[in-house]
Amino acid sequence: MKMKILIYGAGWIGNILKDHFSSIGWDVLMSDKKVGLTPKVILEEEIQGADVVINAFAKTNIDWCEKNKEETFNTNVTQANYLSDIVKALGKQYVFFSSACIFESSGLLDIKDESSIPNPKCYYSETKAVAEKLISSSNPQALIVRIRLPLSEKSHPRNTINRILTYPYLNDSQETVTVIEDMLAPLTELIREKKEGIYHLLNAGTISPHEIGEIFGTPHKVWTKQKQDDSKSGSVIIDNR
């Protein structure tokens, strides 16, 4: 079934989604409107022509979010929930891109799934957890997808691989990642089947930043392994739906 997709957020993920859905024959519009600055009636007019509205915008730089909490909350929580309410009122499907970074695990025996209670460790993650709670409450029909440390075969400044290769030190904690190319097919099916609730779009297993550096780095580059002070190893969710 051909779908009409409206995407808010013209960043790395938003543009990947645009290219993917266009490639399978769906009609895609990348909105240039800022949710928090656009009159509601104009947003409603734009949304009315879509079947599915995807929220791919957010403040994601962890250090910046810590220093700009009000603006971070406004974008990641207030605007995300506001858009969700408009979409629900118009009877459209809302897809919210959240983050599996709302979890931190103590090890491989501490696996998190969709029903686990978030335990965010930074302000960015806190805002994502709050947004999820508000959206789930006011719009139960919404689809919330969680990704973590997204990486891709294509180079981009937001690609986790690119970012890792710029660091002088890489720790060897095991992390869960989302390979963007692997995420697209299940995301498409979730949208096509009008699924509701929370889904983890994560690859099976874990890998450390140090291992990624060794795989993709240049031969002359040497990273010093840096273990964390405690046993925390980041999210180790391995749900692969």
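Scoring rules and cut-offs
Residues numbered from 1 in each chain as written. Predicted model: local features only at pLDDT ≥ 70, side-chain atom pairs only at ≥ 80, totals over all residues. Heavy atoms only, no water. Buried < 20%, exposed > 50% of the residue type's maximum accessible area, 1.4 Å probe, protein only. Helix = DSSP H or I, 4+ residues; strand = E, 2+ residues; numbered from the N terminus. Pairing = 2+ DSSP bridges. Right-handed = clockwise from strand over helix to strand, strands pointing away. 1 Å grid on protein atoms, 1.4 Å probe; cavity = no way out; pocket = protein on both sides within 12 Å on 5 of 7 lines; lining within 4 Å. Points joined across faces, edges and corners; volume = space filled by probe spheres on them. Nonpolar A, V, L, I, M, F, W, Y, C, P; charged D, E, K, R; others polar. Core = buried A, V, L, I, M, F, W, Y, C linked by side-chain atoms within 4.5 Å. Contact = heavy atoms within 4.5 Å. Phe/Tyr/Trp six-rings, centres within 6.5 Å; stacked < 30°, edge-to-face > 60°. Axes fitted to C-alpha atoms, helices over the stretch in contact; angles between N-to-C directions. Parallel < 35°, antiparallel > 145°, perpendicular 65-115°, else oblique. Left-handed = near helix turned anticlockwise from the far one by under 90°.

Asks: Explanation requested: the pairing of strand E5 (residues 143–147) in the structure shown.
Replies: Counting buried positions over the five residues of E5 gives five, a clear majority of the element. With burial as the criterion, each face of E5 is covered, one bearing Leu143, Val145 and Ile147 and the other bearing Ile144 and Arg146. Taken together, the five bridges between strand E4 (residues 93–99) and E5 define a ladder with parallel strand orientation. Each residue of the ladder has a partner; that of Phe97, found in E5, is Val145. The handedness of the E4 to E5 crossover, carried by helix H5 (residues 123–138), is right-handed.

Asks: What's the story with the layout of surface pockets in this structure? I'm lost.
Replies: A probe matching the size of a water molecule, rolled over the atoms, marks out where space remains unfilled. Of the pockets and cavities examined, the second largest pocket occupies roughly 210 Å³. With five residues, the top contributor of residues to the lining of the second largest pocket is helix H1 (residues 12–23). Class assignment of the residues belonging to the lining of the second largest pocket gives a composition of four nonpolar, five polar and three charged.

Asks: Hey, could you run me through the nonpolar core in this one?
Replies: It is characteristic of soluble globular proteins that their nonpolar side chains tend to be buried jointly. Judged by nonpolar contacts, the single largest core of 26 residues is most densely connected at Leu17, Ile54, Phe97, Met183, Leu187 and Ile191. Of all the secondary structure elements, the ones that give two or more residues to this core are strand E1 (4–8), H1, strand E3 (52–55), E4, E5 and helix H7 (180–192). Looking at this core, the element that brings in the most residues is H7, giving six residues. Filtering out sequence-adjacent residues up to four positions away, Phe97 remains in contact with Ile13, Leu17, Ile54, Asn55, Lys128, Val145, Ile147, Met183 and Leu187.

Asks: Would you mind showing me how to read the packing of aromatic side chains here?
Replies: Two descriptors summarise a pair of aromatic rings, namely the distance from one centre to the other and the angle between the planes of the rings. Tallying each qualifying case throughout the model produces one aromatic pair. Between Phe21 and Trp26, the aromatic rings sit 5.2 Å apart at their centres with planes inclined by 5°, giving stacked as the arrangement. The burial state of Phe21 is the same as that of Trp26; both residues are buried.

Asks: Looking at this model, I keep getting lost on the environment of Leu17. Mind explaining?
Replies: Looking at the element boundaries, Leu17 is found in helix H1. Using a relative accessible area of 0% as the deciding quantity, one classes Leu17 as buried. Sequence separation of Leu17 and Ser125 is 108 residues, and the distance between their C-alpha atoms is 22 Å. Those residues in contact with Leu17, other than ones at most four positions away along the chain, are Ile7, Ile54, Phe97, Met183, Leu184 and Leu187.

Asks: Would you mind showing me how to read the packing of helix H2 (residues 40–48) against helix H4 (residues 69–89) here?
Replies: The relative placement of two packed helices is expressed as an angle between their axes plus a distance between the axes. Interaxial distance between H2 and H4 falls to 10 Å at its minimum, and their mutual angle equals 55°. As summarised for this structure, H2 and H4 are arranged oblique, according to the angle between their axes. Of the two possible hands of crossing, H2 and H4 adopt the one that is right-handed. Touching Lys40, Leu43, Glu44 and Ile47 of H2 are Tyr82, Leu83, Ile86 and Val87, all from H4.

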